[in-house]
Amino acid sequence: MNLPRLDPASLPALRGKGITPTYDRGALAPGIVHLGVGAFARAHLAVATEAAITADPAHPDLRWGIVGVSLRQADTRDALAPQQGLYTVVVRDADTAGQPRQSLQVIGCLTRLLVAPESPGAVLEALAHPQARIASLTVTEKGYLRAPAGTGLWWEHPDIVHDLAQPQAPRSALGFLVHALALRRQRGLGPLTLMSLDNLPSNGHTLRGLVLALAASVDSGLALWIEAHCAFPDSMVDRIVPRTTDEDRDRLAQALGARDAWPVMTEPFIDWAVEDRFTAGRPAWDAGGARFVAEAAPWERLKLRMVNGSHSAIAYLGAMAAWDTVDRAIAEPALRACVQDLLRHEVAPTLPALPGLDVDAYRERLLARFANPALAHRTQQIAMDGTQKLPQRLLGTVRERLAAGAPITRLALAVAAWLHYLRGVDEAHQRYPIEDPLAGELAALRREAQACTSAEDRARVFTRFGPVFGDLADHPVLVSALAQALQSLEQRGVRATLEACD
Ligand code: CS2
């Protein structure tokens, strides 16, 4: 069927009522500059911002248009420029009878798209725009350029070296932020709120440390100015947003009555706990599911350990067993039981009590989210970048459990599943690449481990990998738990290992 492209002209004819923007998009100010305008930000930040703009439909708050910046690829801009930034959020799940259902919303607040490598100057100017108030980031764990074996900035990283030499044309998110703040200061403009929306513990605090370190090496006065004037609220973000497929696009076109080249697929659930510390105002994001909290770190810990920790466990076990998607994997009774026990007995006891939180209900709702059959979230997608994810998702919990003398059987199985995954071939003999910024180091580590004859020695070698295990190197209880899990995965496979998990 010959359907029109989604764009401002096609809006009036779209199927479905009340799914398109009602305010004057052309009047939106460029108040938010978002670095890393991938699927997650478009299904989370932009959805909450759209709700905030229209919280009072009679008086839309037009301060909050989003300028989306891609730091590497041009694909998002190429797809969305012909649509003038319009795209569809497709919320999918199944009804009580198991029938798939979906609801659609066309988002209007993404008003401009930039590709940093093509026009770094335009990105700096967007951040230095007098009407910009917030710079937000979803650049993934590896985008923060933290030193592999430490907590500070990775000074030797080629992008940092480049950004110090080329202030007019940075490459990294940190480089753009620091050099744009220098421009704002020079021009006598106000400061920005810098808001990380990535799955990192104390993400605002972490961002602050990195920005201040880089700024201090550019100009110590700049670092002092940023410290005194910019805010870095911590936030916990939660929404499952799988990669969009061609089939998703085709299905959406039929439902919408227009072709959208760059829609996002997500679940009904959305959560966002963000500290209410904004230096130049903020949208009423609570109209779109956000909660303003005094301290976000405990919510981040809950989310990283429960949601992301179990997600990574499912991803590695599922990928090895050739269970392609999260819902397929969690439908395996032995995997579900193992994840449930991991959450209940090994993760939950390490969590702080939080006002209004019923951790059992949180866990059961999480398992229902994972079981959503309409998302088809690929285990291989979640499996990428393990070195960047495991420390905050699983190893912090391991560390605390070990210090308390508490059992770590299932946590060790999850970590061992990652180590096992590094062999690059699943139980159905399918090969896959190891996508990780430290892939070279991991390949060398695996070679070293494979040269050992006992599982115990192999596990010991793995624990000496500083960027992931840090001070847990050679920990005897961890080594023995990992050795047992690794041996079972290697010899008996995922299913039998899970079935034997008591
Ligand atoms: C996932 C997350 O890809 C991953 O690593 O664990 O993207 C996860 O879907 C979100 O954090 C859920 O909020």
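Residues numbered from 1 in each chain as written. Predicted model: local features only at pLDDT ≥ 70, side-chain atom pairs only at ≥ 80, totals over all residues. Heavy atoms only, no water.

Draft legend 1. Structural view of the packing of aromatic side chains. Within this structure, the stated rule accounts for four aromatic pairs. Plain terms: the ring middles of W272 and W285 are 4.6 Å apart, the flat faces sit at 45° to each other, and that makes the pair tilted. Of the two residues, W272 sits in strand β10 (residues 271–275) while W285 sits in the loop between β10 and β11 (290–293), which places them 13 residues apart along the sequence. The buried category is assigned to W285, whose relative accessible area is 0%. (Phe/Tyr/Trp six-rings, centres within 6.5 Å; stacked < 30°, edge-to-face > 60°. Helix = DSSP H or I, 4+ residues; strand = E, 2+ residues; numbered from the N terminus. Buried < 20%, exposed > 50% of the residue type's maximum accessible area, 1.4 Å probe, protein only.)

Draft legend 2. Representation of the site of the ligand within the structure. By nearness alone, every residue bordering the ligand is listed as N199, D238, R239, I240, K303, N308, H311, H377, I382, K389 and R393. Here an oxygen atom of the ligand and a side-chain polar atom of K389 are 2.8 Å apart. Look at the ligand: alone it shows 340 Å² of surface, and the protein chains cover 87% of it. Of all elements in the fold, only α10 (297–320) and α15 (386–403) reach the threshold of two or more residues within the shell around the ligand. Take the shell around the ligand: its biggest share by element is three residues, from α10. Taken together, the residues that form the shell around the ligand break down as two nonpolar, four polar and five charged. (Near = heavy atom within 4 Å. Polar contact = N/O pair within 3.5 Å; in protein donor to acceptor, adjacent residues only side chain to side chain. Areas by Shrake-Rupley, 256 points an atom, 1.4 Å probe, with all protein chains shown as cover. Nonpolar A, V, L, I, M, F, W, Y, C, P; charged D, E, K, R; others polar.)

Draft legend 3. Main features of the side chain of K389. Note on placement: K389 falls in helix α15. The buried charged residue K389 lacks any salt bridge partner; its closest oppositely charged side chain belongs to E141, at an N-O distance of 5.2 Å. For K389, the residues in contact, after removing those within four places along its chain, are E141, Q381, I382 and M384. (Lys, Arg positive; Asp, Glu negative; His and termini not counted. Salt bridge = Lys/Arg side-chain N within 4 Å of Asp/Glu carboxyl O. Contact = heavy atoms within 4.5 Å.)

Draft legend 4. Representation of α15. Counted at 1.5 Å a residue, the expected span for α15 with its 18 residues is 26 Å, and the 24 Å between its end C-alpha atoms agrees. Its maximal kink placed at L395, α15 deviates by approximately 45°. The buried count for α15 comes to 14 of 18 residues, which makes it a mostly enclosed element. Residue G405 follows α15 closely and has a positive phi angle near 70°. (Expected span 1.5 Å × (residues − 1). Bend = angle between axes of the 7 residues up to and from the residue.)

Draft legend 5. Representation of the nonpolar core within the structure. Counting 78 residues, the largest nonpolar core has L335, W418, F469, L482 and L498 as the members making the most contacts within it. The element best represented in this core is α10, accounting for 11 residues. Apart from the residues within four sequence positions on either side, L498 is in contact with L317, W323, A334, L335, C338 and L413. If you look at the next biggest cluster of nonpolar residues, it comprises 44 residues, including L71, L127, L177 and F232. (Core = buried A, V, L, I, M, F, W, Y, C linked by side-chain atoms within 4.5 Å.)

Draft legend 6. Spatial organisation of the domain arrangement of the chain. Along its sequence, the chain is carved into domain 1 (8–293) and domain 2 (297–499). Once you take the C-alpha centre of each, domain 1 and domain 2 turn out to be 29 Å apart. Listed per partner, the contact involves 32 residues of domain 1 and 27 residues of domain 2. Looking at the side of domain 1 facing domain 2, the largest losses of area belong to E141, K142 and I240, adding up to 22% of the total buried there. The interface formed by domain 1 and domain 2 contains four salt bridges. Notably, a salt bridge pairs R393 with E141, separated by 3.6 Å at the nearest N-O pair. Linking domain 1 with domain 2 are nine residue pairs in polar contact (both at pLDDT 80 or more), by the criterion used here. (Domains from an automatic or database assignment. Buried area = accessible area lost by both parts, 1.4 Å probe.)

Draft legend 7. Fine view of the sheet that holds strand β5 (residues 110–115). Spatially, the five strands line up as an open sheet ordered β5-β2-β1-β6-β7, and their pairing is parallel. What marks the edges here is a single partner per strand, and that holds for β5 and β7 (193–196). Between one strand axis and the next, the sheet turns by 20° as a mean value, whatever way the strands run. Both strand β6 (residues 134–137) and β7 contribute to a ladder of four bridges, which runs parallel. Paired with L137 across the two strands is S196, which belongs to β7. Sitting on the sheet, helix α4 (residues 120–127) is in contact with β1 (32–35), β2 (66–70), β5 and β6, with an inclination near 140° to β5. (Pairing = 2+ DSSP bridges. Axes fitted to C-alpha atoms, helices over the stretch in contact; angles between N-to-C directions.)

Draft legend 8. View of unusual backbone geometry. At Q84, a position not held by glycine, the phi torsion is positive, near 50°. Along the chain, the position of Q84 falls in the loop between α3 (75–80) and β3 (87–94). Phi angles above zero are rare outside glycine, and A322 is one such case at about 65°. Counting through the fold element by element, A322 comes out in the loop between α10 and α11 (326–330).

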